[in-house]
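One letter stands for each residue in the lines below.
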Amino acid sequence: MDVTDLRIALFSGNYNYTRDGANQALNRLAGYLLKRGAGLRVYAPGDADPDFPPTGDLVNVPNVRMPVKGRGEYRLPLRIDDRVRADLDTFKPNLVHLSSPDPVAHAALKWARERDLPVLASVHTRFETYPRYYKMGFLEPVIESLLRRFYRKCDALVAPSPGMVDVLCSQRMNRDIGIWTRGIDREVFHPGARDMEWRREMGIADDEVVITFLGRLVMEKGLDVFVDTIIELRKKQIPHKVMVIGDGPARGWFEKALPGGIFVGQQEGTDLGRAVASMDLLFNPSVTETFGNVTLEAMACGLPVVVPDVPSYREWVRDGVNGFIAPRKDPGAIAERLLLLLRSGDMAREMGERNLGIARDKADWDRNFAKLEQVY
């Protein structure tokens, strides 16, 4: 089969109404497939005022605001109604790609099975870990069981790293699990984007070391661990500043918990590249990532990184070589790693230089899309 023979129905729980790493990857994928001549139709919740325009044709599916406290910016896809079903029948896909295990994805899976169409699922986040951030950790085994039931009905899964493939295999999610890794825009993320004048405008002196949080401000990104770690670090009385790049429903909590932190809000495009490159090191506390784009973006800017000990980061970070892998729930131990970088500019610089090569070698979007095209 040639790529121009593909007619792909792509289902997403969030394609463009709220910007995040997963839907930016899906929009890039859509652009690549359309450029290659594939047929593509996207089925996802629509919004009158989305964060960015969709790539490709978007069909709005019935949805409601997410009925979870603190997640009102997200929508829950509900079902495939007659309108969506008629659109699918007209489009006549020969492959279905599911990117989130929501009710519409379950309905799409059933629809595809009734027509003997192959179904691929891509894994973008570790949903089973979310309850622990909302004091409902007892639900984690239940969610894992539900995910397993869903993913086992698909013909294949793709995950963004070998470590995540290992996790999914250990959870017995599917027998056919491949890799669709991600990339970065090297025209945006590079050391040349560093802007000392912008740093000064943010109130940062040239000789001050800045620790960065980069990502959506929601509790499952490990905001509590970040705060506890900075508190431990401040006890050491080693000069540093903290900058937070991003926005989200937990911003108010984060600002209150991090007095003195510099919050620059959501940054996009070259502004985001400038903000990341103008920092000195990244601390990414999230354990819910299946890939961790923000870590790779910081590496491409020549920053050393500190990350928790989870499979998604082990492909990129070698402990003590280009960053530190720290115990995931030990703010004291994490603070010690940050302290090493604060005290040794030479170590931080050498790690950052190694990261430039890693990001350059592994983070090519088109090469990674070509691999997914072969999976299709």
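Higher on the page you've got the structure.
This text gives an overview of the structure that appears in the document. What you see is a predicted model, and the numbers here were worked out from it, not measured in a lab. (Residues numbered from 1 in each chain as written. Predicted model: local features only at pLDDT ≥ 70, side-chain atom pairs only at ≥ 80, totals over all residues. Heavy atoms only, no water.)

Bringing the side chain of Arg199 into the picture now. Its location among the elements puts Arg199 in helix 6 (residues 196-201). For Arg199, a relative accessible area of 0% corresponds to the buried category. Within the local environment of Arg199, its side chain forms a polar contact with the side chain of Asp280, the two groups lying 3.0 Å apart. Once residues within four sequence positions are removed from consideration, Arg199 is found in contact with Arg194, Ile204, Ala205, Asp206, Glu208, Val210, Ser278, Met279 and Asp280. (Helix = DSSP H or I, 4+ residues; strand = E, 2+ residues; numbered from the N terminus. Buried < 20%, exposed > 50% of the residue type's maximum accessible area, 1.4 Å probe, protein only. Polar contact = N/O pair within 3.5 Å; in protein donor to acceptor, adjacent residues only side chain to side chain. Contact = heavy atoms within 4.5 Å.)

The subject of this paragraph is helix 5 (residues 162-170). Of the residues making up helix 5, those classed as buried are Gly163, Met164, Val165, Val167 and Leu168. Lining the buried residues of helix 5 we find strand 8 (156-159), strand 9 (177-179) and helix 11 (311-314). Positive phi shows up at Arg172, right after helix 5, with a value of about 60°.

Below, the discussion takes up the sheet that holds strand 9. Pairing within the open sheet is parallel, and its seven strands lie in the order 3-2-1-6-7-8-9. Among the strands making up the open sheet, the edge pair consists of strand 3 (58-60) and strand 9. Averaged over all adjacent pairs, the angle separating strand axes in this sheet is 25°, with direction ignored. Strand direction decides the pairing type here: strand 1 (residues 7-11) and strand 2 (residues 39-44), joined by five bridges, are parallel. Residue Ile8 lies in a different strand from strand 2, and its bridge partner there is Leu40. (Pairing = 2+ DSSP bridges. Axes fitted to C-alpha atoms, helices over the stretch in contact; angles between N-to-C directions.)

Quick look at the state of the cysteines now. Disulfide: a covalent bond formed between the sulfur atoms of two cysteine residues. Evaluation of the coordinates by the stated rule reveals zero disulfides. Of all cysteine sulfurs, the one in Cys169 lies closest to Cys154, which takes part in no disulfide; the gap is 15 Å. Taking the relative accessible area as the measure of exposure, Cys154 reaches 5% and is therefore buried. Note on Cys169: relative accessible area 42%, which makes it partly exposed. (Disulfide = S-S within 2.5 Å.)

Further remarks concern helix 2 (residues 82-91). Along helix 2, the residues classified as buried are Val84, Asp87, Leu88 and Phe91. Along the axis of helix 2, the buried residues cluster in a sector spanning 100°; they form a single face. Residues of helix 2 that are exposed and point more than 90 degrees away from the buried face comprise Asp82 and Thr90. Looking at the buried residues of helix 2, the elements they touch are strand 1, strand 2, strand 3 and helix 3 (103-114). Remark: Lys92 follows helix 2 within two positions and exhibits a positive phi of approximately 55°. (Arc of directions from axis to C-beta.)

Turning our eyes to something else, we now look at the packing of helix 1 (residues 21-36) against helix 14 (residues 365-375). In the contact formed by helix 1 and helix 14, the axes pass within 10 Å of each other and the chain directions differ by 75°. Comparing their axes, helix 14 and helix 1 come out roughly perpendicular. Judged by residue contacts, Ala25, Arg28, Leu29, Tyr32, Lys35 and Arg36 of helix 1 engage Trp365, Asp366, Phe369, Ala370, Leu372 and Glu373 from helix 14. Class assignment of the residues belonging to the contact of helix 1 with helix 14 gives a composition of seven nonpolar, no polar and five charged. (Parallel < 35°, antiparallel > 145°, perpendicular 65-115°, else oblique. Nonpolar A, V, L, I, M, F, W, Y, C, P; charged D, E, K, R; others polar.)

Take it as geometry only, folks, not as evidence of what the structure does.
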